[in-house]
Amino acid sequence: MPRTSMTESTEPAGAPGLQVRRILLPTDFSGCANYALPYAAAIARAVDATVICVNVVEPIVPAVGYTGMAEAMPIAEMSEQMEESAERELPDVMSCEELRGLKVEEVIGHGDAAAEIVRVADEQGADLIVISSHGRTGLGRIIFGSTAEAVVRHARCPVLVVKPPDEDEEEQ
């Protein structure tokens, strides 16, 4: 295996070295999440690491009060559809061109996205998390929060946050 700064420590004895063998790649199957994929694949290819694709099925919280809907939301049915969607879409991500030829595993988690990503990273022994930020600012960030930010705060391993290009950059 070629010597790289990510596979062999150049730090003095006793200092922790960075060895990347398992890379966690969270995805919600959105266009923004796809921006992290080539970064994870390139790093995995460079250091011969395994990529662990994870999708988190978040719980559906029923609306409280008047919703304007004639019938109650079929929460159990919606949760089942989200699970089926994850089972259907995760293999598509794993078989994409960027990950071809790499060792790839899949995990479907359940719960709060950030907490579950951190839990799966610990459970799977991830050395690095490569996650995309949705790039929300202002009110959108206040309302929806930042999964990537929470992962950075709570993960025990390094986290690479990939910012999607601005809409202006995308058009060029």
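Everything below is about the structure shown above.
Note that the coordinates shown come from a computational prediction; the quantities given were computed from them, not determined experimentally. (Residues numbered from 1 in each chain as written. Predicted model: local features only at pLDDT ≥ 70, side-chain atom pairs only at ≥ 80, totals over all residues. Heavy atoms only, no water.)

## Describing the overall build of the chain
Here's step 1: For the chain, the count of helices and strands is 6 helices and 5 strands.
Here's step 2: Total accessible area on the chain stands at roughly 10,600 Å², and carbon and sulfur atoms take up 53% of it. (Helix = DSSP H or I, 4+ residues; strand = E, 2+ residues; numbered from the N terminus. Areas by Shrake-Rupley, 256 points an atom, 1.4 Å probe, with all protein chains shown as cover.)

## Observations regarding the sheet that holds strand β1 (residues 22-26)
Here's step 1: Taken in spatial order, the 5 strands of this open sheet run β3-β2-β1-β4-β5, and their pairing is parallel. Both edges of this open sheet fall to β3 (103-110) and β5 (159-162), since each of them pairs with a single strand only. Pairwise comparison of adjacent strand axes, ignoring direction, gives a mean angle of 20° for this sheet.
Here's step 2: With 2 bridges joining them, β1 and strand β4 (residues 128-132) adopt parallel strand pairing. Bridge pairing in β4 places Leu24 opposite Ile129. (Pairing = 2+ DSSP bridges. Axes fitted to C-alpha atoms, helices over the stretch in contact; angles between N-to-C directions.)

## Some remarks on the pairing of strand β2 (residues 50-57)
Here's step 1: β2 sits mainly inside the fold: 8 of its 8 residues count as buried.
Here's step 2: Of the two faces of β2, the one lined by Thr50, Ile52, Val54 and Val56 and the one lined by Val51, Cys53, Asn55 and Val57 are each fully buried.
Here's step 3: Direction of pairing for β1 relative to β2: parallel, over a ladder of 5 bridges. Looking across to β2, one finds that Ile23 is bridged to Val51.
Here's step 4: Read from β1 through helix α1 (residues 37-47) to β2, the crossover connection turns out right-handed.
Here's step 5: Note: β2 against β3, 8 bridges, orientation parallel. When the bridges of β3 are listed, Thr50 appears paired with Lys103. (Buried < 20%, exposed > 50% of the residue type's maximum accessible area, 1.4 Å probe, protein only. Right-handed = clockwise from strand over helix to strand, strands pointing away.)

## Observations regarding the nonpolar core
Here's step 1: Formed by 25 residues in total, the largest nonpolar core has its most connected members in Val20, Ile23, Leu25, Val51, Cys53, Leu99 and Val130.
Here's step 2: Secondary-structure elements contributing two or more residues to this core are β1, α1, β2, α2 (75-94) and β4.
Here's step 3: It is α1 that provides the largest number of residues to this core, a total of 6 residues.
Here's step 4: If you look at the next biggest cluster of nonpolar residues, it comprises 19 residues, including Leu24, Ala113, Val120 and Val151. (Core = buried A, V, L, I, M, F, W, Y, C linked by side-chain atoms within 4.5 Å.)

## With respect to a negative patch on the surface
Here's step 1: A grouping of Glu77, Glu80, Glu84, Glu87 and Glu106 is seen on the molecular surface, where their side chains present a negatively charged patch.
Here's step 2: Looking at the negative patch element by element, the count peaks at 4 residues for α2.
Here's step 3: For Glu80, the location among the structural elements is in helix α2.
Here's step 4: The class of Glu80 is exposed, set by a relative accessible area of 51%. (Patch = residues over 30% accessible without salt bridge, like charges linked within 9 Å, V, L, I, M, F, W, Y side chains within 5 Å. Salt bridge = Lys/Arg side-chain N within 4 Å of Asp/Glu carboxyl O. Lys, Arg positive; Asp, Glu negative; His and termini not counted. Charge placed at Lys NZ, Arg CZ, Asp CG, Glu CD.)

## Examining the side chain of Ser133
Here's step 1: Relative to the helices and strands, Ser133 resides in the loop between β4 and α4 (138-144).
Here's step 2: Taking relative accessible area as the criterion, Ser133 reaches 18% and is therefore assigned buried.
Here's step 3: Non-local contacts of Ser133, meaning those with residues more than four positions away in its chain, are made with Cys32, Ala148, Val161, Val162 and Pro164. (Contact = heavy atoms within 4.5 Å.)

## Focus on the pattern of salt bridges
Here's step 1: By the definition in use, this model includes 7 salt bridges.
Here's step 2: Of the charged contacts, one joins Arg119 and Glu123 as a salt bridge, the two residues approaching to 2.6 Å between their closest N and O atoms. With a gap of 4 residues between them, Arg119 and Glu123 both fall in helix α3 (residues 113-124), about one helical turn apart.
Here's step 3: A relative accessible area of 37% means that Arg119 is categorised as partly exposed.
Here's step 4: The residue Arg156 makes a salt bridge to Asp122 at a minimum N-O spacing of 3.6 Å. Taken as a pair, Arg156 in the loop between α5 (147-154) and β5 and Asp122 in helix α3 lie far apart in primary sequence, 34 residues in all.
Here's step 5: The structure contains a network of salt bridges with shared partners spanning Glu116, Arg119 and Glu123.

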